[in-house]
Amino acid sequence: MLTANSAGDLGHVSPARSAISVWLAAVERGGRGEVAAALTALEELLVDARRRNDPTILSFARTTAGSLLRQAGRHEVALGWDGAGLAALTGAGSITRWGPGTARWAGGEWAGDEWAGDEWVRAAAVDAVVNLAADNLGLGRFSASARLLRRAGAILAPEPAAGAREPWQTSARGRLRLLWVSAELAMYSGDPDTALDRAARAVDLMDRRDDVGLDRHRIKTALISAAAHAAAGRIEVARSGADGCRRRAAEAGLLPLQWAAVMLGRGVGDDSAATATEQARIEAALSARGMVFVPR
């Protein structure tokens, strides 16, 4: 089993649950733009998961690799990784049935409010399907993206009652990612009202969380909100939001989000030489850490 020591190095030891910890560490490395290091850790996880026949970790590792590729604009390649992530669950029988009462195909929609597997299998399935929706969105396949988002929504646990606390890793995180991609799909589909609604719901979800260590999720949520305002023609709000996200991401060492905030700022009229220089510097730093951008 793979574990991480205090220095962040990987080793082959220890208890069963540590694979989740190693996966989370790889996710955090990716969030800092340490793509090569994250992919190396994920490859070791893949080897270990195959050896132990652990389809949930296999799925998480594959879909995280897909996310790292997608953030560099490589949606077609990411699609393969994300599809393989979902296949790991269905092929290994972790999703035990698609029948009455489960997330099922019914009358052209995914429906149902029960889940046949455990909470980590559900979380892995939501990650895979949301990722596939994001891949298809990036490839301009809006209808496919919308269908996949409906499927992800059917797999998710029902929203908790007012005042109830939802587990972060296995439920709320997936719900937040679903809202992010739903907002993005609405933006690209020319539906700013829906984009603003989904972004506002994501902001509300994060406002209700007091978990530590969620800086990346909070900043990305704010960035999605800024982009939704841009889609609605609220340029000053979007520009201010992008600038705030850029500063917060820089302070947190989250280079990919800093880069995304700079790009949004440029898209809403920041054509200063200083911003162009910052963009070039971030891209060079990310390239040095293993992020291979699609040529523009």
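On a predicted model such as this, the values are computed, not experimentally measured, just so you know.

A look at the environment of Leu286
Reasoning step 1: Looking at where Leu286 falls in the secondary structure, it is placed in helix 12 (residues 273-288).
Reasoning step 2: Sequence separation of Leu286 and Ala36 is 250 residues, and the distance between their C-alpha atoms is 9.9 Å.
Reasoning step 3: Beyond its immediate sequence surroundings of up to four residues, Leu286 is in contact with Gly33, Leu255, Pro256, Trp259, Met291 and Phe293.

Here's the deal with the side chain of Asp135
Reasoning step 1: With respect to the helices and strands, Asp135 occurs in helix 5 (residues 119-138).
Reasoning step 2: On the accessibility criterion, Asp135 (0% relative accessible area) is buried.
Reasoning step 3: Apart from the residues lying within four places of it in its own chain, the contact partners of Asp135 are Arg70, His75, Ala78, Leu79 and Asp82.

Some details on the nonpolar core
Reasoning step 1: Judged by nonpolar contacts, the single largest core of 52 residues is most densely connected at Trp23, Leu42, Leu45, Phe60, Val181 and Leu286.
Reasoning step 2: In terms of residue count, helix 5 provides more of this core than any other element does, 13 residues in total.
Reasoning step 3: With residues near it in sequence (within four places) discarded, Phe60 still touches Ile20, Trp23, Trp120, Ala123, Ala124, Asp127 and Arg173.
Reasoning step 4: Counting residues in hydrophobic clusters, the runner-up holds 31 residues, among them Leu223, Ala242, Leu264 and Val268.

Overview of the pattern of salt bridges
Reasoning step 1: In the structure shown here, the tally under the stated rule is 21 salt bridges.
Reasoning step 2: A salt bridge links Arg201 to Asp197; the nearest nitrogen and oxygen atoms lie 3.8 Å apart. Placement of the pair is Arg201 and Asp197 together in helix 8 (residues 192-207), with a separation of four residues, close to one helical turn.
Reasoning step 3: According to the relative accessible area criterion, Arg201 is partly exposed, its value standing at 37%.
Reasoning step 4: What makes Asp197 partly exposed here is its relative accessible area of 33%.
Reasoning step 5: Bridged by salt links that share partners, the residues Asp48, Arg51, Arg52 and Asp54 form one connected network.

So, the environment of Asn131
Reasoning step 1: Along the chain, Asn131 turns up in helix 5.
Reasoning step 2: Given the relative accessible area of 2%, Asn131 is considered buried.
Reasoning step 3: On a C-alpha basis, the gap between Asn131 and Val181 in space is 8.6 Å, while along the polypeptide they are 50 residues apart.
Reasoning step 4: If near-sequence neighbours (up to four positions away) are discounted, Asn131 is found in contact with Thr63, Ser67, Arg70, Asp82 and Arg177.
Reasoning step 5: A distance of 2.5 Å separates a polar atom in the side chain of Asn131 from a polar atom in the side chain of Arg177.

Some thoughts on helix 1 (residues 18-31)
Reasoning step 1: Compared with an ideal rise of 1.5 Å per residue, which puts 14 residues at 20 Å, helix 1 spans 20 Å between its outermost C-alpha atoms and is within 8% of the ideal.
Reasoning step 2: Among all positions in helix 1, only Ser18, Ala19, Ile20, Val22, Trp23, Ala26, Val27, Gly30 and Gly31 are buried.
Reasoning step 3: Remark: Gly33 follows helix 1 within two positions and exhibits a positive phi of approximately 85°.

Observations regarding empty space enclosed by the protein
Reasoning step 1: This model, assessed by the stated rule, comprises one cavity of 30 Å³ or more.
Reasoning step 2: Quantified by volume, the largest cavity comes out at close to 40 Å³.
Reasoning step 3: Contributing to the lining of the largest cavity are Arg122, Ala123, Val126, Asp127, Leu156, Gln169, Thr170, Ser171, Arg173 and Gly174.
Reasoning step 4: Looking at which element gives the most residues to the lining of the largest cavity, the answer is helix 7 (residues 168-188), with five residues.
Reasoning step 5: Considered class by class, the residues forming the lining of the largest cavity number three nonpolar, four polar and three charged.

Thoughts on the packing of aromatic side chains
Reasoning step 1: Taken as a whole and judged by the stated rule, the model has three aromatic pairs.
Reasoning step 2: On the numbers, 4.0 Å between centres and 20° between planes, the contact of Trp23 with Phe60 is stacked. One end of the pair, Trp23, is in helix 1; the other, Phe60, is in helix 3 (residues 55-70), with 37 residues separating them in the sequence. Of the two residues, Trp23 and Phe60, both sit in the buried class.

A closer look at unusual backbone geometry
Excluding glycine, a negative phi dihedral is what most residues carry, and trans is how most peptide bonds are arranged.
Reasoning step 1: Positioned with a positive phi, Asn53 is a non-glycine residue whose angle comes to about 55°.
Reasoning step 2: By secondary structure assignment, the location of Asn53 is in the loop between helix 2 (35-52) and helix 3.
Reasoning step 3: Judged by its relative accessible area of 61%, Asn53 falls in the exposed class.

Section: the layout of surface pockets
Reasoning step 1: Quantified by volume, the second largest pocket comes out at close to 580 Å³.
Reasoning step 2: Lining the second largest pocket are 28 residues, and of these Glu159, Arg175, Leu179, Arg201 and Leu205 sit closest to its centre.
Reasoning step 3: Residue assignment for the lining of the second largest pocket shows that the elements contributing at least two residues are helix 6 (142-155), helix 7 and helix 8.
Reasoning step 4: Ranked by residues supplied to the lining of the second largest pocket, first place goes to helix 7 with six residues.

Conventions we followed
- Residues numbered from 1 in each chain as written.
- Predicted model: local features only at pLDDT ≥ 70, side-chain atom pairs only at ≥ 80, totals over all residues.
- Heavy atoms only, no water.
- Helix = DSSP H or I, 4+ residues; strand = E, 2+ residues; numbered from the N terminus.
- Contact = heavy atoms within 4.5 Å.
- Buried < 20%, exposed > 50% of the residue type's maximum accessible area, 1.4 Å probe, protein only.
- Core = buried A, V, L, I, M, F, W, Y, C linked by side-chain atoms within 4.5 Å.
- Salt bridge = Lys/Arg side-chain N within 4 Å of Asp/Glu carboxyl O.
- Polar contact = N/O pair within 3.5 Å; in protein donor to acceptor, adjacent residues only side chain to side chain.
- Expected span 1.5 Å × (residues − 1).
- 1 Å grid on protein atoms, 1.4 Å probe; cavity = no way out; pocket = protein on both sides within 12 Å on 5 of 7 lines; lining within 4 Å.
- Points joined across faces, edges and corners; volume = space filled by probe spheres on them.
- Nonpolar A, V, L, I, M, F, W, Y, C, P; charged D, E, K, R; others polar.
- Phe/Tyr/Trp six-rings, centres within 6.5 Å; stacked < 30°, edge-to-face > 60°.

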